[in-house]
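Each chain, letter by letter, is given below.
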Amino acid sequence: MPASGAVTRNTLRQQIADALRDEVLAGRMRPGEEFTVKQIAEQYGVSATPVREALVDLCAQGLLDSDQHRGFRVRVFTVEDYKGIVEARALVVDGIFRRAAVPGNFEAHGPALVSVRRRGEEAARAARGGDLNILVGYDLRFWRELCALAGNTYISDFLHRLRMQSWVFAVPHLRGHSDLSDWLWTGHDEVVSALALGDFEAARVLIGAYNEESLVWAERLPR
């Protein structure tokens, strides 16, 4: 039946997109690395159509760039790009916390903090251990679940995209350090603790300090 084929293709498209996204976020596919639909299709042993669709999806997320003649490449973010991303995500998160501080906006989401706290504890543990591979996944889940508390999927999706782009820029630079424990943010669980107490200002201060540290780190990188 046609519907069955469509579901299979869409599922394959998502699986390929997820696999390639993981490769990019882990830094195994380096910024500027070029490839074609044919190469990816052969690598995964699938047809070209779901691969092309998956690559278009990743372009829409800002992780890849496409060229009509050369295929696709992992997007290259400059230091200035990263600084703009940090500013954008800071404004989004600040807005979420301000909205949550309005009486009646946050109390209903209390039970959801249990899951967010769990993600935050795992992310902080990975950061303290310098385990970049584990950290990226938990960090993305942490922010996605935390921002879902705002009750607006557009905001959550937008911040998720910014967080992914942040990691695409940062991971290749971080891979150059033998000990990452001093370079990675570990304040996830502190933010959740502040929110659980209804102390939104403390949460904003923690995130503000984190963003400032991110900008200072980026300024020290070679242009």
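Just so it is clear, the structure is predicted and the values come from calculations on it, not from any experiment.

Quick look at the overall build of the protein
- Helix and strand counts for the protein come out as 9 helices and 3 strands.
- Secondary structure elements in the protein, listed N-terminal to C-terminal, are α-β-α-α-β-β-α-α-α-α-α-α.
- A globule of 223 residues ought to have a C-alpha radius of gyration of about 17 Å, and the protein, at 19 Å, matches this closely.
- Judged by the C-alpha coordinates and their principal axes, the protein covers about 50 × 50 × 30 Å.
- Taking all 223 residues of the protein together, 39% fall into the buried category.
- Pairs at least 24 apart in sequence give 72% of the contacts found in the protein among residues at least 6 apart.

Looking at the pattern of salt bridges
- What the rule picks out here adds up to 14 salt bridges.
- Residue R70 pairs with E34 through a salt bridge whose shortest N-O separation is 3.1 Å. Here the residue R70 occupies a position in the loop between strand 2 (64-67) and strand 3 (71-74), and E34 occupies one in strand 1 (residues 34-35), the gap between them amounting to 36 residues.
- Judged by its relative accessible area of 53%, R70 falls in the exposed class.
- Accessibility expressed as a relative area gives 40% for E34, which makes it partly exposed.
- Through salt bridges with shared partners, a single network forms among E80, K83 and E219.

Some thoughts on the packing of aromatic side chains
- With the rule as written, the count across this model stands at 6 aromatic pairs.
- The interplanar angle of 25° and the centroid separation of 6.1 Å between the aromatic rings of W143 and W185 together place this pair among those described as stacked. Taken together, the residues W143 in helix 6 (residues 132-148) and W185 in the loop between helix 7 (153-174) and helix 8 (188-196) connect sequence positions 42 residues apart. For the pair W143 and W185, one class covers both residues: buried.
- Here a set of aromatic residues connected by ring pairs shows up, and it is made of F142, W143, W185 and Y210.
- A cation sits over an aromatic face here: R141 above Y138, 5.5 Å from the ring centre.

Focus: the sheet that holds strand 3
- Here we have 3 strands laid out as an open sheet, ordered 1-3-2, and antiparallel in their pairing. Edge positions in the sheet fall to strand 1 and strand 2, since each has one partner strand and no second.
- Two strands pair when backbone bridges link them, and strand 1 and strand 3 are joined in this way by 2 bridges, in the antiparallel orientation. Note on strand 3: the bridge partner recorded for F35 is F72.

Structural notes on the side chain of Q165
- The residue Q165 is located in helix 7 in this model.
- Look past the residues within four positions of Q165 in its chain and what remains in contact with it is Q61, G62, L63, R75, F77 and I85.

Here we look at the pairing of strand 2
- Pairing analysis gives 4 bridges linking strand 2 to strand 3, with the strands arranged antiparallel. Within the sheet, the bridge partner assigned to S66 lies in strand 3 and is F72.
- Between the end of strand 2 and the start of strand 3, which pair antiparallel, lie 3 residues.

A look at the nonpolar core
- Counting 66 residues, the largest nonpolar core has F97, L132, W143, L146 and W167 as the members making the most contacts within it.
- Split by domain, this core shows at least three residues from each of two domains, domain 1 (12-74) and domain 2 (79-220).
- Setting aside residues no more than four positions away along its own chain, W167 makes contact with L25, L132, L135, V136, D139, L140, P172 and L174.

Definitions and cut-offs
Residues numbered from 1 in each chain as written. Predicted model: local features only at pLDDT ≥ 70, side-chain atom pairs only at ≥ 80, totals over all residues. Heavy atoms only, no water. Helix = DSSP H or I, 4+ residues; strand = E, 2+ residues; numbered from the N terminus. Rg over C-alpha atoms; globule rule 2.2 N^0.38 Å. Buried < 20%, exposed > 50% of the residue type's maximum accessible area, 1.4 Å probe, protein only. Contact = heavy atoms within 4.5 Å. Salt bridge = Lys/Arg side-chain N within 4 Å of Asp/Glu carboxyl O. Phe/Tyr/Trp six-rings, centres within 6.5 Å; stacked < 30°, edge-to-face > 60°. Lys NZ or Arg CZ within 6 Å of the ring centre and 35° of its normal. Pairing = 2+ DSSP bridges. Core = buried A, V, L, I, M, F, W, Y, C linked by side-chain atoms within 4.5 Å. Domains from an automatic or database assignment.

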